[in-house]
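# Analysis of the macromolecular model
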Amino acid sequence: MIPAARPIAGGPFATCGRSDCNPGIHPGLRATQRARKRRTNPGPVPRAPSGVLPMRTSPRRRHRCPFPDCPSHKKRHSRIVRHGRYGSRRGSRLRLLCRVCDRTFGARRGTVYYRLRSTRDDFDLAMRLQVEGVTQAAAARSVGISVSTIARWKERAAFHARAFEEEHLEVKDPIELQLDELCARGKGSRDEIWLYSGLEVWSRVWAATHVGRRTKRSTRLFLRSARKTCGNGPEPVLVTTDPYVYYEPELRRAFGPKCVYVQVENLYRRDRILRTESRLVFGARHKYEAAKARLEDGSRPNTSFIERLNLFIRRAISYLQRRTPAPARIPRCLSEAIDVLRCYYNFIRPHSSLRFGKVTRTPAMQAGIFSRPLTFREIFNWVPPPQRDPYTLDFRTRPPTARSGS
Ligand SMILES: [Zn+2]
């Protein structure tokens, strides 16, 4: 958190007023000057790390031939051209033609909006309400559709958001990864659900998530996705967690020498943190010292950023609000809500702690992925790679082998 800049009378070499203050050495004064500099200086323009392609302004919207039996179906550069328009209940729509197989299809094919009977604005509004902590029933009343429609839309949007993140989300040079899990339902009972989440602190990218029981297998799946998002940097990443038993073996397995692992334990008294103890679990000492020197908030490992993210998640998902009458009953529903929220958090919502002058960046901007905040419309209009769009595979396009097997 950047402290507010206090005006100092007498210019940058003034003292704080105390008789023993030495300008240039007095820490409070220097901190104030630093804060003022950070506030007014917009900072470096976000750009991709060296050796990486330049940042994109928007997701590339490339149409592919949707018919699996077409030779160009899985090719990146399929020969798709415009082919007039066709009428629908909501007005005319663009028609496209595949020059390879000579078949036509609608331009919305492969997007979230394919065969949608409501407007795209209604769909986007429903998803926006979902990520602002509004319950499904309240969102249905606001948009004027049924609850089951909202649930179905959320399933679509979540599938799409997951594919979008898999395609785009990667932190090239991660510094610190904080991991934590929160109990979504039924603490202590057999049917409890846990939500694992991981935050890359420097860029504030919500790097990984997993919904499931608190087991070794869940930990493994979660860490595998964390490794995929930020495990390929040049320096080992500092990983901090609470002392949960399965983190150590699974971190060794997923990251190995690519991480330095520190366990942080908070000691509480009367619901307040009394003190924090950290312990280096594995990783060479010199790597640990090097990783600590790169930390943003001093040299003490902590889990405060991921705790803050947990609060954001609790406020943004109606299932997870405290004392809610409607907790998540099915883990899949919670998982879908989390996928949409994560996409919103990483790509759409400017993060207040990433403010540089007049620009407030999203975590994806800070990580050098996109150069501006995206919108739900852009993400939902993106067409996923061909193997990941089963909802567009209706009975007319499904290959005969799949039909005979079911
Ligand atoms: Zn084709």
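Parameters and conventions
Residues numbered from 1 in each chain as written. Predicted model: local features only at pLDDT ≥ 70, side-chain atom pairs only at ≥ 80, totals over all residues. Axes fitted to C-alpha atoms, helices over the stretch in contact; angles between N-to-C directions. Helix = DSSP H or I, 4+ residues; strand = E, 2+ residues; numbered from the N terminus. Parallel < 35°, antiparallel > 145°, perpendicular 65-115°, else oblique. Left-handed = near helix turned anticlockwise from the far one by under 90°. Contact = placed C-beta atoms within 7 Å. Buried ≥ 20, exposed ≤ 12 C-beta atoms within 10 Å, placed from the backbone. Arc of directions from axis to C-beta. pLDDT = per-residue confidence, 0-100. Core = buried A, V, L, I, M, F, W, Y, C linked by C-beta atoms within 7 Å. Nonpolar A, V, L, I, M, F, W, Y, C, P; charged D, E, K, R; others polar. Pairing = 2+ DSSP bridges.

Here the focus is the packing of helix α2 (residues 120-130) against helix α3 (residues 136-143). Between α2 and α3, the shortest axis-to-axis distance is 9 Å and the interhelical angle comes to 150°. If you check the angle between α2 and α3, you find them roughly antiparallel. For the pair α2 and α3, the sense of crossing is right-handed. Along its contact with α2, which presents D122, L125, A126, L129 and Q130, the element α3 presents A139, S142 and V143.

Considering the arrangement of structural elements, one finds A328 in the loop between α8 (304-316) and α9 (331-348). Judged by the 23 C-beta atoms lying within 10 Å of it, A328 is buried. Distance from A328 to A184, taken between C-alpha atoms, is 7.4 Å for residues 144 residues apart in sequence.

Below, the discussion takes up helix α6 (residues 247-254). Burial in α6 covers these residues: Y247, E250, L251 and A254. Take α6 and look down its axis: the buried residues cluster within an arc of 105°, on one side only. With its phi angle positive at about 60°, G256 sits one or two positions after the end of α6.

Note: predicted coordinates in regions of low pLDDT should not be interpreted at a detailed level. Of all residues in the protein chain, 80% attain a pLDDT of 70 or more, and the chain-wide mean is 80. When the elements of the protein chain are averaged for pLDDT, helix α12 (residues 400-405) gives the smallest value, 43, and α2 the largest, 95. Taken as a whole, residues 388-406 scores under 50 in pLDDT and shows 15 contacts with residues more than four places along the chain or in a different chain.

Bringing the nonpolar core into the picture now. Side chains that are nonpolar tend, in soluble globular proteins, to be buried together. One finds A207, V239, V340, L341 and I379 to be the most contacted residues of the largest nonpolar core, which totals 75 residues. Here this core takes nine residues from α9, the largest share from any one element. Setting aside anything within four residues of it in sequence, one finds V340 in contact with M127, Q130, V131, K154, A157, A158 and A161.

Remark: α3 packs on helix α4 (residues 147-168), axes separated minimally by 8 Å, with the N-to-C direction vectors making an angle of 105°. It follows that α3 is roughly perpendicular to α4 by the angle criterion. Every residue of α4 that contacts α3 at Q136, A137, A139 and A140 is listed here: V147, I150 and A151. Looking at the contact of α3 with α4 residue by residue, the class counts come to six nonpolar, one polar and no charged.

All right, on to unusual backbone geometry then. The phi dihedral of D102 is positive, around 65°, even though this residue is not glycine. Within the element layout of this structure, D102 appears in the loop between β2 (91-98) and β3 (104-106). Looking at D102, the number of C-beta atoms within 10 Å reads 8, which means it is exposed. At R204, a residue that is not glycine, the phi angle is positive and equals roughly 60°. With respect to the secondary-structure elements, R204 resides in the loop between β5 (193-200) and β6 (205-212).

On to the pairing of strand β8 (residues 259-269), then. Here strand β7 (residues 237-241) runs beside β8; their pairing, made up of five bridges, is parallel. Its bridge partner lying in β8, T241 is registered against Q263. As paired strands, β8 and strand β9 (residues 272-282) are joined by nine bridges and run antiparallel to one another. Looking across to β9, one finds that N266 is bridged to T276. Between β8 and β9, which pair antiparallel one after the other, the connecting turn spans two residues, and R270 there sits at a positive phi close to 50°.

This part is about the pairing of strand β4 (residues 176-185). β4 sits mainly inside the fold: seven of its ten residues count as buried. With three bridges joining them, β4 and β7 adopt parallel strand pairing. Residue E176 lies in a different strand from β7, and its bridge partner there is L238. In this structure, β4 lies alongside β5, joined through eight bridges in antiparallel fashion. Bridge pairing in β5 places E181 opposite Y196.

Right, let's get into the sheet that holds β9. Spatially, the six strands line up as an open sheet ordered β6-β5-β4-β7-β8-β9, and their pairing is mixed. The open sheet has two edge strands with one neighbour each: β6 and β9. Mean inter-strand twist for the sheet, computed between neighbouring axes without regard to direction, equals 25°. Lying over the sheet, α8 contacts β4, β5 and β6, oriented at roughly 35° with respect to β4. Sitting on the sheet, α9 is in contact with β4, β5 and β6, with an inclination near 175° to β6.

Here we take up the environment of H83. Locating H83 in the fold gives a position in strand β1 (residues 80-88). Expressed as a C-alpha distance, the spacing of H83 and F105, which sit 22 residues apart in the sequence, is 9.1 Å. Setting aside anything within four residues of it in sequence, one finds H83 in contact with R95, L96, L97 and T104.

Once that is clear, we can look at the sheet that holds β3. Strand order across the open sheet formed by three strands is β1-β2-β3, with antiparallel pairing between neighbours. Two strands lie at the open edges of the sheet, namely β1 and β3, each paired on one side alone. Sheet twist, expressed as the mean angle between neighbouring strand axes with direction ignored, is 35°. Looking at chain direction, β2 and β3 are connected through three bridges and run antiparallel.

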